[in-house]
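Fold and contact review
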Amino acid sequence: MPNSTETIADLQQHTLDPENWDALQGLGHRMLDDMFDHLRTVRKRPVWQPVPDNVKANFESGPPAKPIPAERAYEEFKQNVLPYTQGSIHPRFWGWVIGSGTPFGMLAELLTAGLNTNSTFGDTAATRLELQVLDWFKELFGFPRDASGLLVSGASEANLVALAVARHAKSPANVKRNGVQGLRQRLRVYGSSETHSSVIKSLELLGLGSRSFVATPTNRDFTVDVETLRRRVIADRVAGECPICVVGNAGTVNTGAMDDLEALADLCGELGLWFHVDGAFGGLAVLAPKLKPLVAGLERSDSVAFDLHKWLHIPYAVGAVLVRDAAQHHATFASSASYLGRLPGGITDGPISFNEYGPELSRGFRGLRAWLTIKEQGFEKLGRLIEQNVDQARYLAMLVEQTPELQLLAPVSLNIVCFRFVAPDLDAAELDALNTDILVRLQESGSSVPSHTRIGDRFAIRVCVTNHRSRLEDFDLLAREVTALGRERLAALHSLPAA
Ligand SMILES: *Cc1c(COP(=O)(O)O)cnc(C)c1O
């Protein structure tokens, strides 16, 4: 409040904009140049390195009340953040399922942040652009034009949205109003035992509980055993439970296994179940002509979840969900609030209210980085890169099979290779310990970053190739290093005095 000696007109008016625009703009140019250099030279650096103690200490200081110059904040970034990130942009990063990003995507991020738009509703280019991106994927996935969709944070949220629609559409009573509390029957969702953990988490969040998921055994290639699944659904119905949905995997996270989506679509049609496909990365096989037959049947699903930040290398974080029945999708998430209503004309009179198709109200403008990157590269090339990664995975599998000390632990159906170092005189626990050690030492050397999983009861070094910078020689190096680290560790074991 102004005191008696001040008038309103004398009040100082603050802003967060810079006092010196030119200086900040100059810093901006330097930052851009630095990041371009960083990307260009990424191959020369270690993939990953642990955060040193003196750097860790920088993340323990309290809330800054006073400002520091932007240059100094940027210096702190260069010293304490830049060298110690995940390494996902490196040609030898193969952990989990992680995309590499692109330089143009980085620029798209800059534009997105500059606009700082909330892409929820309204007569804006942003809402129209996001609808267009969704339309592109509807066409590519063989979904009808009048299907609905939403850009989300990733396949986890996409699975949650799709399963919420499935629950709404297939529950025997109004779950939106009464929750699952009033249901007399237990809702059941089916999928293979290789189904991603985000599906189970979604069922927990939707009030169904993890026990509502029926994990069906797989065939030897880790695809779902459809006949067993069918028998289980029928048996559950006879027992008075309420099966609502089957989740098909287009690319399991452990091994890249592709479920028989045609068979699952048939089964869901026959039994009246919602057919959801988790195609987080494998769904993008539709872009590669040679791989597309692997996802035949995907176009018959009721909903599909997929990521743009994994195998399309759009900067984090963006995924998408498509839902065949737009009315069910809308009914699941629609809510009324007077302040969110649309008026005839004016800014609210836009083509869509994305908040009525998912949990978010405020939404980042995720579509721009996708739209720009896809336009810059084109879907043909993006598809070729997917195929290239699958060929590289096969190449690595061949190297593993040619090396007597290496053993493939799962068939290579797509872009994931699970293998380990073996030695004849070690038991199961010793082999697990040896391979754990190899993997950790490989990561700590900065040479490459595979991740790990368990295949059956065996510890596996897991290489997932969703990386447009990897070259064949990178896999040669990996195979050589795993073998060398294994031999070294084995020699150390043998030189230990007998207990
Ligand atoms: C990565 C992944 C998810 C989760 O996607 P996010 O983008 O990490 O949220 C779900 N399913 C599969 C098969 C995945 O690989």
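The rules behind the values
- Residues numbered from 1 in each chain as written.
- Predicted model: local features only at pLDDT ≥ 70, side-chain atom pairs only at ≥ 80, totals over all residues.
- Heavy atoms only, no water.
- Pairing = 2+ DSSP bridges.
- Helix = DSSP H or I, 4+ residues; strand = E, 2+ residues; numbered from the N terminus.
- Axes fitted to C-alpha atoms, helices over the stretch in contact; angles between N-to-C directions.
- Contact = heavy atoms within 4.5 Å.
- Near = heavy atom within 4 Å.
- Polar contact = N/O pair within 3.5 Å; in protein donor to acceptor, adjacent residues only side chain to side chain.
- Areas by Shrake-Rupley, 256 points an atom, 1.4 Å probe, with all protein chains shown as cover.
- Nonpolar A, V, L, I, M, F, W, Y, C, P; charged D, E, K, R; others polar.
- Core = buried A, V, L, I, M, F, W, Y, C linked by side-chain atoms within 4.5 Å.
- Buried < 20%, exposed > 50% of the residue type's maximum accessible area, 1.4 Å probe, protein only.

Within the open sheet, the seven strands sit side by side as β2-β8-β7-β6-β5-β3-β4. Their pairing is mixed. Edge positions in the sheet fall to β2 (148–152) and β4 (213–216), since each has one partner strand and no second. Neighbouring strand axes in the sheet, compared pairwise and without regard to direction, differ in orientation by 20° on average. Note: strand β3 (residues 187–192) against β4, four bridges, orientation parallel. In the strand pairing of β4, Tyr190 is matched with Val214. Contacts between helix α8 (residues 197–205) and the sheet are confined to β3, β4, β5 (242–249) and β6 (274–278), with β4 contributing the most and set at about 160° to the helix.

Around the ligand, the structure places 15 residues, and the nearest of them are Ser156, Asp278, Asp307, His309 and Lys310. Within the side chain of Ser156, a nitrogen or oxygen atom sits 2.6 Å from an oxygen atom of the ligand. One of the side-chain N or O atoms of Asp278 is found 2.7 Å from a nitrogen atom in the ligand. Notes on the ligand: free accessible area 380 Å², of which the protein chains cover 85%. Of the residues forming the shell around the ligand, the biggest block, three residues, is contributed by helix α6 (residues 155–170). Looking at side-chain class alone, the shell around the ligand contains five nonpolar, seven polar and three charged residues.

Turning next to the nonpolar core. Core analysis: the largest hydrophobic core is formed by 100 residues, its most contacted members being Phe137, Phe306 and Leu308. Here the element with the most residues in this core is α6; it accounts for eight residues. With residues up to four places along the chain from it excluded, the contact list for Leu308 reads Phe137, His313, Ile314, Val318, Gly319, Ala320 and Ala370.

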